[in-house]
Amino acid sequence: MNKPLPRIFVAGHRGMVGSAITRALRARGNADIVTRTHAELDLSNQQQVREFFAREKISLVYLAAARVGGIHANDTYPAEFIQQNLMIAANVIHEAWCSGVQQLLFLGSSCIYPKLAPQPIHESSLLSGALEPTNAPYAIAKIAGMMLCESYNRQYGTDYRCVMPTNLYGPGDNYHPENSHVIPALIRRFHEARIAGASDVSIWGSGTPMREFLNADDLAQACMHVMALPALTYRTHTTPAGFFNVGTGDEVTIRQLATLIAQVVGFRGSISFDTTRPDGTPRKQLDSTAIRETGWKPVIGLQAGLQLAYQDALASGRLAACGEAHALESPA
């Protein structure tokens, strides 16, 4: 009799990261991938999560579900960001343990680090200083999720692992006009401006902050790589922090990023910067030495990744509505 395939639950499979992990797992094969929409399973509802794990007999979990957004969303909805992300982490991690799941991967965020952490940021910088105020509630929820994994490993002997990706972008990103991260927000702004025939695009902040960007498909490969590492290798390379940073090692200013996105989208007007708006953290580059030493490295360059992201946004219809609206307003 053939051995049954492991049942892998990808929490948040419709999001950018979860969908990338799902694609990578399906391409690899040899697993029964389990997914649920929010309508089918509310991860903030403990009873629903408990019944799901009791019923589905899950072998491994990729916890990519989260309430996410950019500076504006984090600053506008702090209560929702901390409450929802705390509940998701607590419910999934605890109920996974209750049902006997020994392997789980928790997806964190580089915003867990102090605002003024030494650059590039090493894993040991966690909890060494004050957080960036605009996204502190989200960051604290993510830190709590990491501590849950560490605590269950220490007390119950589970093998729950964590990765801390840098700023992400790619297929399936969120292009909401107010609640998106910087790359989809800029893609949308320049796309709308090109369709409308605008001569200038104004961007929040000074344009001087430095950022590192990782394609979601590169992150998905990193997640699978981390979960395939022997337990001793994982512990050895993540000591003492207990998790891996995942980044490219390259960084650009927001001004450089805006110029590159304008080129990809085809916007030929001018770009201005509104210095009355917040910049956020001045620089945020991760030290990804530890995971690179285990054999992983990114393969998708920023310009190629931006082109793929824009093509996906157009093909998926994520930008169609705003383009049609602005086409009606364009000068003759």
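Scroll up to find the structure.
Owing to the predicted nature of the structure, the values given are computational and were not obtained by experimental measurement. (Residues numbered from 1 in each chain as written. Predicted model: local features only at pLDDT ≥ 70, side-chain atom pairs only at ≥ 80, totals over all residues. Heavy atoms only, no water.)

> Can you help me understand the nonpolar core in this one?
Formed by 67 residues in total, the largest nonpolar core has its most connected members in Phe9, Ile21, Phe53 and Tyr62. Not counting chain neighbours up to four residues away, the residues in contact with Tyr62 comprise Ile8, Phe9, Val10, Ala11, Ile21, Leu25, Leu105, Cys223, Met224 and Met227. In terms of nonpolar packing, the next biggest core, distinct from the first, is built from 25 residues, Leu186, Phe273, Ala313 and Leu319 among them. (Core = buried A, V, L, I, M, F, W, Y, C linked by side-chain atoms within 4.5 Å. Buried < 20%, exposed > 50% of the residue type's maximum accessible area, 1.4 Å probe, protein only. Contact = heavy atoms within 4.5 Å.)

> What exactly am I supposed to notice about the sheet that holds strand S5 (residues 159-165) here?
Strand pairs in the sheet, formed through backbone hydrogen bonds, run parallel or antiparallel to each other. Read from one edge of the open sheet, 6 strands run S2-S1-S3-S4-S5-S10, paired in parallel fashion. The sheet is open, and its two borders are formed by strand S2 (32-34) and strand S10 (244-246), each paired with just one other strand. On average, adjacent strands in this sheet sit at an angle of 20° to one another, irrespective of strand direction. Two strands pair when backbone bridges link them, and S5 and S10 are joined in this way by 3 bridges, in the parallel orientation. Residue pairing in the sheet places Val163 in a bridge with Phe244 of S10. With respect to the sheet, helix H1 (residues 16-28) is in contact with strand S1 (7-11), S2, strand S3 (60-63) and strand S4 (103-107), its orientation differing from that of S1 by roughly 160°. (Pairing = 2+ DSSP bridges. Helix = DSSP H or I, 4+ residues; strand = E, 2+ residues; numbered from the N terminus. Axes fitted to C-alpha atoms, helices over the stretch in contact; angles between N-to-C directions.)

> Just to check I follow, could you spell out the environment of Glu95 for this structure?
In this fold, Glu95 is placed in helix H4 (residues 78-98). For Glu95, a relative accessible area of 3% corresponds to the buried category. Look past the residues within four positions of Glu95 in its chain and what remains in contact with it is Gln46, Val49, Arg50 and Phe53.

> What's the story with the sheet that holds strand S13 (residues 283-284) in this structure? I'm lost.
Reading across the sheet, the 3 strands line up as S11-S8-S13 and stay open at both edges, with mixed pairing between neighbours. Each edge of the sheet is formed by a strand with only one pairing partner; in this case those strands are strand S11 (252-253) and S13. With 2 bridges joining them, strand S8 (residues 210-211) and S13 adopt parallel strand pairing. Of the residues in S13, the one forming a bridge with Met210 is Arg283.

> Where do I start with unusual backbone geometry in this structure?
Glycine aside, negative phi is the norm for most residues, and most peptide bonds take the trans geometry. Between Gln119 and Pro120 the backbone carries a cis peptide bond, its omega angle lying at -10°. In this structure, Pro120 sits in the loop between S4 and helix H5 (136-156). Cis geometry is found at the peptide bond from Thr239 to Pro240, where omega equals 0°. One can find Pro240 in the loop between helix H8 (231-238) and S10.

> Help me out: how do you make sense of the packing of aromatic side chains in this one?
For the structure shown, the criterion picks out 9 aromatic pairs. Both rings, one in Trp97 and one in Tyr156, keep their centres 4.1 Å apart while their planes meet at 25°; by these two values the pair is stacked. Of the two residues, Trp97 sits in helix H4 while Tyr156 sits in helix H5, which places them 59 residues apart along the sequence. For Trp97, a relative accessible area of 26% translates into the label partly exposed. A relative accessible area of 37% means that Tyr156 is categorised as partly exposed. For the pair Phe190 and Phe267, a centre-to-centre distance of 5.4 Å together with 45° between the ring planes defines the contact as tilted. One end of the pair, Phe190, is in helix H6 (residues 182-196); the other, Phe267, is in the loop between helix H9 (254-265) and strand S12 (270-274), with 77 residues separating them in the sequence. Both residues of the pair, Phe190 and Phe267, count as buried. Taken together, the ring pairs connect Phe9, Phe52 and Phe53 into an aromatic cluster. The aromatic ring of Tyr77 is capped on one face by Arg67, whose charged end is 5.6 Å from the ring centroid. (Phe/Tyr/Trp six-rings, centres within 6.5 Å; stacked < 30°, edge-to-face > 60°. Lys NZ or Arg CZ within 6 Å of the ring centre and 35° of its normal.)

> Please clarify how the packing of H9 against helix H11 (residues 302-315) should be interpreted in this entry.
Angle between the axes and distance between the axes are the two parameters that describe a pair of packed helices. With their axes 10 Å apart at the nearest point, H9 and H11 run at an angle of 50° to one another. The angle between H9 and H11 falls in the class oblique. The hand of the H9/H11 crossing is right-handed. Contacts between H9 and H11 involve Leu257, Leu260, Ile261, Val264 and Val265 from the first element and Leu302, Gln303, Leu306, Gln307 and Tyr310 from the second. For the contact of H9 with H11, the per-class residue count stands at 8 nonpolar, 2 polar and no charged. (Parallel < 35°, antiparallel > 145°, perpendicular 65-115°, else oblique. Left-handed = near helix turned anticlockwise from the far one by under 90°. Nonpolar A, V, L, I, M, F, W, Y, C, P; charged D, E, K, R; others polar.)

> Can you help me understand the pattern of salt bridges in this one?
Where charged atoms of side chains with opposite charge meet at close range, the side chains can pair. Here the structure, examined in full by the defined rule, presents 12 salt bridges. Here Arg67 makes a salt bridge to Glu80, at a shortest N to O gap of 2.7 Å. With a gap of 13 residues between them, Arg67 in the loop between S3 and helix H3 (71-76) and Glu80 in helix H4 connect regions that are remote in the sequence. Residue Arg67 is classed as partly exposed on the basis of its relative accessible area of 21%. By relative accessible area, Glu80 is classed as partly exposed at 35%. Residue Arg283 pairs with Glu251 through a salt bridge whose shortest N-O separation is 2.5 Å. (Salt bridge = Lys/Arg side-chain N within 4 Å of Asp/Glu carboxyl O.)

On their own, these measurements won't tell you what the molecule is for.
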